[in-house]
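# Commentary on secondary and tertiary structure
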Amino acid sequence: MQKYNPVTPEILAELKSIVGDKFAFADPEKSEAYSRDETPDTKYSHLPEAVVLPKTTEEVARIVKLANRERISVIPRGAGTGLACGAVPVTGGIVLSLERFDRIIDVNTDAMYMVVQAGVRTEEVQKAAKAAGLFYAGDPCSGDSCFIGGNLATNAGGNRAVKYGTTRHQVYDFEMVTPLGDIVHLGSRLTKNTTGYCLEQLVMGSEGTLGIITQATLKLKALPQHVIDLLAVFPDVEKAIAIVGHMLRAGMSPTCVEFMDNATVQSVERFLHEGLPQSDVGNYIIIQMEADSEEDLENKTVALDELCTENGALSVLVADSQKIWKARKAFTEATRVESAVQSFEDVVVPVDRIPEAAEASNRIAAKCGLALRMVSHAGDGNIHLTLFRSDLSEAEWDSRLGAFENELYEVVYRMGGRLSGEHGIGYKRKDLMQRFTDPVELDMMRRIKKALDPGLILNPGKIFDVDD
Ligand SMILES: Cc1cc2nc3c(=O)[nH]c(=O)nc-3n(C[C@H](O)[C@H](O)[C@H](O)COP(=O)(O)OP(=O)(O)OC[C@H]3O[C@@H](n4cnc5c(N)ncnc54)[C@H](O)[C@@H]3O)c2cc1C
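The structure contained in this document is the topic of the report that follows. What you see is a predicted model, and the numbers here were worked out from it, not measured in a lab. (Residues numbered from 1 in each chain as written. Predicted model: local features only at pLDDT ≥ 70, side-chain atom pairs only at ≥ 80, totals over all residues. Heavy atoms only, no water.)

### Section: the environment of Val64
With respect to the helices, strands and loops of the structure, Val64 is situated in helix H3 (residues 57-70). Between the alpha carbons of Val64 and Asp182 there is a distance of 8.6 Å; along the sequence they are 118 residues apart. With residues up to four places along the chain from it excluded, the contact list for Val64 reads Val177, Thr178, Pro179, Leu180, Gly181, Ile212 and Ile457. (Helix = DSSP H or I, 4+ residues; strand = E, 2+ residues; numbered from the N terminus. Contact = heavy atoms within 4.5 Å.)

Given below as structure tokens:
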């Protein structure tokens, strides 16, 4: 890793002069909250040397210019809900938090777009769209806490990606500060555009390594009028997950297809103290459908009921929407009670290979002696695996987890899959990224990083290593 210069008292004073006394600090007690994200393993935490909370894009640009001049690393941070240590300051340096970029600037109902600052919570975006009679389709499970800027930076997925795509499909354009400290608008409010390189799509998903996003124009859609959530309960994992292929081949276009394995269902039930249907044996598939009319919704529900029953469902129920989504979204907290130290894997495979990937995950975890909980954005081939350290020693945990990851990702890459469907690579998956990525592809990524950030000051040590 590169050597960076320390944040001296003089530099801290200069940061304070940019953002105001209150909004730049270095004391460890206040900085501690910026030393980690939601990765459930404290070994990844790292204290920043300073934290800055700018309010304007111009302030962000001045901080980045200062960092280039002094060769100090800058780590952009949203709400810190990431699961890959992308916002963890592994080089020390300056954590630049977007939390004061918290304004919804414009909701345009005629042209159906919304302009928001990067630090607005995703749930606030959804609510503002709904209040205007419209719909924002992005829906990560962390929506009540993550920021929209973090969603762009990680290309967050979520529950409705099956129908509406990931965050990159919800964005017209955004404003950002480049790694050199220039302010630029990327993208445009156009339906089509072949005017040079598509830089906005390159930056989205680059996890804060190619720019600091300060504001975005989001696409809004008509609010779906008729929506239903169904719960199909299956006796085994593979049959449950295989329903995705059956639905797609039958021409159904669900909004969400989410999976929870039985151990996770039971874990959530204990955590919420709420009974869940057939939790003694059931693996859950939650399907959300939208329709143009009550009649259309009824027809779709009947067809789906028949399809699930023909393909092995024990029962198909009209779900209590609030209750079932609360259960689905509680899995992280619920499983954390079972083991404080965990590893999250965010496997993604082609949708038709998802039953095989689920089978391989369970088989390899059992072989490595690791307890596993599985949930999945099954409709888009994305499986979340939570592996428990439980009472294993650190050495034993590292060894078993390493063996599990090696074997699993060999299988996943042979299927045409990748390391991460939505959480990103960050710091946590960097070694695996360097091992499993085509060297030519990796070299292209490194060249892009070096071309845009020659001083390597923006979020270094993330996604891959780069030589000076
Ligand atoms: C309970 C739970 C459920 C989750 N569910 C989902 C889910 O369904 N789908 C999903 O995709 N993810 C999910 N996540 C992961 C996480 O919430 C997302 O990755 C989210 O997009 C991160 O947003 P954030 O604001 O918290 O970003 P942070 O965690 O603060 O940062 C994430 C990365 O983005 C960079 N970054 C943040 N803001 C900016 C910015 N303005 N400009 C440039 N770079 C920036 C950081 O440097 C870092 O690399 C979940 C996490 C939890 C804890």
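### Things to note about the sheet that holds strand S14 (residues 283-291)
Spatially, 7 strands are ordered S15-S12-S14-S13-S17-S18-S16 in an open sheet, and the strand pairing comes out antiparallel. A single partner strand is all that each edge strand has here, and the edge strands are strand S15 (315-318) and strand S16 (342-348). With direction set aside, neighbouring strand axes in the sheet form an average angle of 20 degrees. Here helix H11 (residues 321-329) sits on the sheet in contact with strand S12 (226-234), strand S13 (256-260), S14, strand S17 (371-377) and strand S18 (382-388), set at roughly 55 degrees to S13. (Pairing = 2+ DSSP bridges. Axes fitted to C-alpha atoms, helices over the stretch in contact; angles between N-to-C directions.)

### Structural notes on the packing of helix H8 (residues 237-249) against helix H13 (residues 354-367)
Contact pair H8 / H13: the axes reach a minimum separation of 8 Å and the direction vectors enclose 155 degrees. The orientation of H8 with respect to H13, classified from their angle, is roughly antiparallel. The two elements H8 and H13 cross, and the hand of that crossing is right-handed. Listed contacts from H13 to Val237, Glu238, Ile241 and Ala242 of H8 are Ile354, Pro355, Ala358, Glu359 and Asn362. Partitioning the contact of H8 with H13 into residue classes produces 6 nonpolar, 1 polar and 2 charged. (Parallel < 35°, antiparallel > 145°, perpendicular 65-115°, else oblique. Left-handed = near helix turned anticlockwise from the far one by under 90°. Nonpolar A, V, L, I, M, F, W, Y, C, P; charged D, E, K, R; others polar.)

### With respect to the packing of aromatic side chains
One pass over the full model with this rule turns up 6 aromatic pairs. Look at Tyr44 and Tyr427: their rings are 6.4 Å apart centre to centre, the planes differ by 85 degrees, and that puts the pair in the edge-to-face class. Residue Tyr44 is found in the loop between helix H2 (28-31) and strand S2 (50-52), and its partner Tyr427 is found in the loop between helix H14 (394-414) and helix H15 (430-436); the two are separated by 383 residues along the sequence. Counting every residue linked through ring pairs, the aromatic cluster contains Tyr409, Tyr413 and Phe436. It is Lys30 that lies over the ring of Phe25; its NZ or CZ is 4.3 Å from the centre. Looking at Lys219, its charged tip hangs above the ring of Tyr172, at a distance of 5.4 Å from the centre. (Phe/Tyr/Trp six-rings, centres within 6.5 Å; stacked < 30°, edge-to-face > 60°. Lys NZ or Arg CZ within 6 Å of the ring centre and 35° of its normal.)

### Describing the pairing of S16
Within S16, 7 of the 7 residues are buried, which leaves it mostly tucked inside the rest of the structure. Where burial is concerned, the two faces of S16 agree: the one with Gln342, Phe344, Asp346 and Val348 and the one with Ser343, Glu345 and Val347 are both buried. The sheet contact formed by S16 and S18 spans 7 bridges and is antiparallel. Following the sheet pairing, Val347 is matched in S18 by Ile383. (Buried < 20%, exposed > 50% of the residue type's maximum accessible area, 1.4 Å probe, protein only.)

### Brief notes about helix H16 (residues 439-452)
Its 14 residues place the ends of H16 20 Å apart at the C-alpha level, agreeing with the 20 Å of an ideal helix rising 1.5 Å per residue. A side-chain oxygen of the first residue of H16 lies 2.8 Å from the backbone nitrogen of Val440; this N-cap is Asp438. (Expected span 1.5 Å × (residues − 1). Polar contact = N/O pair within 3.5 Å; in protein donor to acceptor, adjacent residues only side chain to side chain.)

### Some points on the sheet that holds strand S4 (residues 94-97)
Taken together, the 4 strands give an open sheet; going across it, the order is S1-S2-S4-S3, and neighbouring strands pair in mixed fashion. Among the strands making up the open sheet, the edge pair consists of strand S1 (24-25) and strand S3 (74-77). Note: S2 against S4, 3 bridges, orientation parallel. Residue Ala50 lies in a different strand from S4, and its bridge partner there is Ile94.

### Some remarks on H13
Spanning 14 residues, H13 covers 20 Å between terminal C-alpha atoms, matching the ideal 20 Å at 1.5 Å per step. Of all the residues in H13, the buried ones are Ile354, Ala357, Ala358, Ala360, Ser361, Ile364 and Ala365. Across the axial projection of H13, the buried residues extend over an arc of 165 degrees, all falling on one side. Away from its buried face, by an angle of more than 90 degrees, H13 presents the exposed residues Ala366 and Lys367. Packed against the buried residues of H13 are H8, S17, S18 and H14. Just beyond H13, the residue with positive phi is Gly369, at close to 70 degrees. (Arc of directions from axis to C-beta.)

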